[in-house]
Amino acid sequence: MESDGALAAPHLGGDMQNFNVPPIEGVAGGGTAYGWEHEGIGPGHLINGTIDPTKVQSADLLHVWCMPSTANVGQQESPRPLEPVALLAARNERESIQIALRPKVSWSTSSGIAGAVQIQSTDLCSSTGDRLVVGKSVTLRRVVSILGVPDALVPLDAPVSQINLFPGETSAIWVSVTVPYDQPPGQYEGQIIVTAMKPDAGSAMSCLSRDEKHQLYKELKSCLDVVEPLDDKPLEEAVNRAKYATSSLKNILLLPTFVECRDDRTSSDAMDEDNIINPSISIKLSVTVWDFTLPLTPSLPAVFGVSETVIEDRFCLQHGSQSWYDALDRHFEWLLQYRISPFFCRWGERMRVLAYTCPWPADHPNADNYYSDPRLAAYAVPYLPILTCTDTAKDSLRREVEVLKSKSHWKKAYFYLWDEPVNLEQYDTIRNMSSEIRAYAPDARVLTTYYCGPTGAELSSSTFEAFVKVPGILRPHTQIFCTSEWVLGSREDMVKDIVDELQPENGEEWWTYVCLGPTDPHPNWHLGMRGTQHRAVMWRVWKEGGTGFLYWGANCYEKATVPSAEIKFRRGLPPGDGVLFYPGEVFSSSNEPVASVRLERILSGLQDIEYLKLYSSKYGKEEALSLMERRGVYLGPERYTLDHGPIDMMRADIYQACNFGTGIPFA
């Protein structure tokens, strides 16, 4: 683990001083404020014994610096110099960085709070006028600790938000730039501005009445409507439009909202203004968008389970109700942004599983919204007899298969029937279910996860040899053989033994998965592992040659019956195993899921695969593997970079080699 400790919860608007820590198991305050002092801050800068941040430079009150997305920024993270940020991104890609903030002194009158800071972000603009718009393409989230490890990413308001800092603690803001699919290539520049605020200062907009906000919006919208379409206008008309906009903006500045900002106040006001210093801390952000577009359909199917049972229990939803469908729709749509192909699941006895991507019957009008979404790389078809082996269930299965196999997306379909069978009885059950499916569709694909050979079968005296011989037992009743990375340990040479048993000419594939194992130092997604360790899961998949990946659960925390209830990881599992996002209601009134830092790193790993695939298409996979090794990014499950630098260098190498002569520089 790179760092530990807890971060206090974020504030999402309203009264900054009365926000309580969210109910998350293991989250605690902290910070001894060792060495805390106000030395160097003169009495003229104090209000009732407290520093007035409007009369002191923000840089004198807090440290601000940037960290890569693979850093675990804990509360005791040490300050570093502030440097400009330069990111490289393809179209349809998301790149992230972190802004760390640590107070040098306290300027708040509230007990336990060092002070409030305002964070303002601008659009990122190119020289040709194209934009990456804040709030849409540029987003900010507060990093909140879970069990003392920075993990939950709670959205902040855009373009301006306000957060509290705490004595002796480093806080972090996660900044993401998501480049649209059709964004013009170019160099985009903007900034993020951090300003120390008065103890009683709030957002100016939060003080406006609804009518004032509406009036301000109308005035600004009117200005924009007048000046936006100037490109094809005659000079005289353009000048007149500019004059109108100028007049409108002057009227806006006369609104009561801006009375304290005007220059026509009394001389005493003006004299007081002369004492206001507080230049903000500006972080320059540059993004090079290059002429490469990540495919809308991910090259690697990454199928992740979402427990319908957890959703039903926590949100008190009746199975099959409209609210239930709405909740599943929301989770499905939200997860697609992470290049993940979600499936909903309900677990039965002895690890049998009902897995389905679409909650609607295949012939329902809403089903096409799921199955035809181009962002979906693979989808699970429900095997309804898994719940109740009745004629009705079998008829439903037949109808489902008959509808889907007539569609062009049928090639993405798979059936996930049983998780990790361990004996011959369970293997026989899989064969029987597969036979029923294949009677309706001989080309149907069945996925089986496993980490060992079946007990009771005299396959080999060696445990690994018995594991390798599983395809011979399940053929032709399984087409996707999905093995645990735990079995391989650090022995990459065993991959050849597994793959040699498969028959790709008959449509057989090798996928992998992680769960409670493998453990440190191998790549996995447990809470507290290094950031590069999280990202390396997908590097390992790509190097070993797997054609897909499965993760058993993304929301499998302990049972709760209230949306905002305390989050608890399941007993007996490593913290974070089976949990990649959190209910939004735990942190705010929003019902949108809250991503984990680990989920963002999964996305980065899947995006890395697209870069490596592009490079391989031009220079071959061996050369791509050589590039990973030369840069020290990934050599094996125990030999991968612990620092972020080699990742940026590898991506820059691919950019330089595959830039298609656009001439867009990247430093």
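Residue indices follow the written sequence of each chain, beginning from 1 at its first position. Note on the predicted model: pLDDT of at least 70 is required for a residue's local features to be given, and 80 or more for side-chain atom pairs to be given and counted; whole-chain, interface and lining totals, by contrast, use all residues. Each side-chain value is worked out from all heavy atoms of the structure, with water and hydrogens disregarded.

## Focus on the overall build of the protein
Formally: Going along the chain from the N terminus, every DSSP run of H or I of four or more residues is numbered as a helix, and every run of E of two or more is numbered as a strand. A 1.4 Å probe rolled over the protein chains alone gives each residue an accessible area, and that area as a share of the maximum for its type sets the label: buried under 20%, exposed over 50%, partly exposed in between. Contact between two residues is taken to exist if any of their heavy atoms lie within 4.5 Å; hydrogens are not considered. The accessible surface values rely on the Shrake-Rupley method and a 1.4 Å probe; as for residues, cover is taken only from the protein chains in view.
Assigned secondary structure in the protein consists of 17 helices and 27 strands. Every one of the 667 residues in the protein was classed for burial, and the buried ones make up 53%. In the protein, 75% of the contacts between residues at least 6 apart in sequence involve partners at least 24 apart. As presented, the protein carries roughly 28600 Å² of accessible surface, and 51% of it is formed by carbon and sulfur atoms.

## Topic: unusual backbone geometry
The omega torsion across Ala 158 and Pro 159 is 5°, close enough to zero to call that bond cis. Of note, the amide linkage connecting Asp 520 to Pro 521 takes the cis form, showing an omega dihedral of 10°. A positive phi angle, near 60°, is found at Arg 339, a position not held by glycine. Among the structural elements, Arg 339 can be located in the loop between α6 (322–336) and β16 (341–347). You can call Arg 339 buried: its relative accessible area is 6%.

## Points about the sheet that holds strand β22 (residues 509–514)
Each strand in a sheet pairs with its neighbour through backbone hydrogen bonds, running either in the same direction (parallel) or in the opposite one (antiparallel). Inclusion rule: Note on pairing: two strands pair once DSSP finds at least 2 bridges between them. Note on geometry: axes are lines fitted to C-alpha atoms, helical ones only across the stretch in contact, with angles between N-to-C directions running from 0 to 180 degrees.
If you trace the nine strands from one edge of the open sheet to the other, you get β17-β16-β15-β23-β22-β21-β20-β19-β18, paired in mixed fashion. Each of the sheet's edge strands pairs with one partner strand only, and the pair in question is β17 (353–356) and β18 (379–380). Judged from the four bridges that link them, β16 and β17 form a sheet pairing that is antiparallel. Across the sheet, Cys 345 pairs through a bridge with Ala 355, a residue of β17. Docked against the sheet, α6 engages β15 (302–307), β16 and β17, running at close to 140° with respect to β16.

## Structural notes on the side chain of Glu 544
Structurally, Glu 544 is set in helix α14 (residues 531–544). Classification of Glu 544 as buried rests on a relative accessible area of 10%. Apart from the residues lying within four places of it in its own chain, the contact partners of Glu 544 are Glu 485, Leu 488, Glu 492, Val 495 and Trp 510.

## Considering the environment of Ser 137
Positionally, Ser 137 belongs in the loop between β8 (131–132) and β9 (138–146). Along the backbone, Ser 137 and Val 177 are 40 residues apart, and their C-alpha atoms lie at a distance of 5.5 Å. Not counting chain neighbours up to four residues away, the residues in contact with Ser 137 comprise Leu 132, Ser 176, Val 177, Thr 178 and Pro 180.

## Side note on the packing of aromatic side chains
Under the convention used in this document: Centres within 6.5 Å make a pair out of two Phe, Tyr or Trp rings, where for Trp the six-membered ring is used; the pair is then stacked when the planes are under 30 degrees apart, edge-to-face when over 60, and tilted otherwise. Distance and angle both matter: a charge sits over a ring if NZ of Lys or CZ of Arg is within 6 Å of the ring centre and within 35 degrees of the ring normal.
Per the counting criterion, the structure on display carries 22 aromatic pairs. Taking the centre distance of 4.5 Å and the plane angle of 55° together, the rings of Tyr 371 and Tyr 379 count as tilted. On the basis of relative accessibility, which here comes to 0%, the residue Tyr 379 falls in the buried class. Here a set of aromatic residues connected by ring pairs shows up, and it is made of Trp 290, Phe 292, Tyr 611 and Tyr 655. Directly above the aromatic system of Trp 542 lies the positively charged group of Lys 621, at a separation of 4.6 Å from the ring centroid. Above the ring of Tyr 611, the side-chain terminus of Arg 651 is found at 4.4 Å from the ring centroid.

## Observations concerning helix α9 (residues 424–440)
Selection rule: In this scheme, a helix's expected span is set at 1.5 Å multiplied by one less than its residue total. Polar contact is the term for a pair of N or O atoms within 3.5 Å; when the atoms are in protein, one must be able to donate a hydrogen and the other to accept it, and sequence-neighboring residues count only if both atoms are side-chain atoms.
An ideal rise of 1.5 Å per residue puts 24 Å on 17 residues; α9 measures up with 25 Å between its terminal C-alpha atoms. All buried positions along α9 are accounted for by Gln 426, Tyr 427, Ile 430, Arg 431, Met 433, Ser 434, Glu 436 and Ile 437. Those residues of α9 that are buried lie in contact with α8 (391–404), β19 (413–419), β20 (446–450) and α11 (470–474). The backbone nitrogen of Glu 425 lies 3.2 Å from a side-chain oxygen of the residue at the head of α9, namely Asn 423.

## Some remarks on the sheet that holds strand β10 (residues 149–155)
With respect to topology, five strands assemble into an open sheet ordered β3-β5-β12-β9-β10, the strand pairing being antiparallel. Edge positions in the sheet fall to β3 (62–68) and β10, since each has one partner strand and no second. For this sheet, the mean inter-axis angle between neighbouring strands, taken without regard to orientation, is 30°. As paired strands, β3 and strand β5 (residues 94–103) are joined by seven bridges and run antiparallel to one another. Bridge pairing in β5 places Pro 68 opposite Ile 97. Packing against the sheet, helix α15 (residues 597–619) makes contact with β5, β9, β10 and β12 (171–178), and its axis sits at approximately 145° to β5.

## Re the pairing of strand β14 (residues 281–293)
A regular strand carries its side chains on alternate faces of the sheet. Of the strand pairs in this sheet, strand β4 (residues 85–91) and β14 are connected by seven bridges, and their pairing is parallel. Pairing of Ala 86 across the sheet is with Ser 286, part of β14. In this structure, strand β13 (residues 186–197) lies alongside β14, joined through nine bridges in antiparallel fashion. Paired with Ile 193 across the strands is Ser 282, a residue of β14.

## Considerations on the pattern of salt bridges
The cut-off we apply is this: We count a salt bridge whenever a side-chain nitrogen from Lys or Arg sits within 4 Å of a carboxyl oxygen from Asp or Glu.
With the rule as written, the count across this model stands at 30 salt bridges. The closest approach of N and O atoms between Arg 375 and Glu 333, which form a salt bridge, is 2.8 Å. With Arg 375 in the loop between α7 (367–371) and β18 and Glu 333 in helix α6, the pair connects residues that are 42 residues apart, well separated along the chain. Linking Arg 431 and Asp 428 is a salt bridge whose minimum nitrogen-to-oxygen distance equals 2.1 Å. With a gap of three residues between them, Arg 431 and Asp 428 both fall in helix α9, about one helical turn apart. For Asp 428, a relative accessible area of 35% puts it in the partly exposed group.

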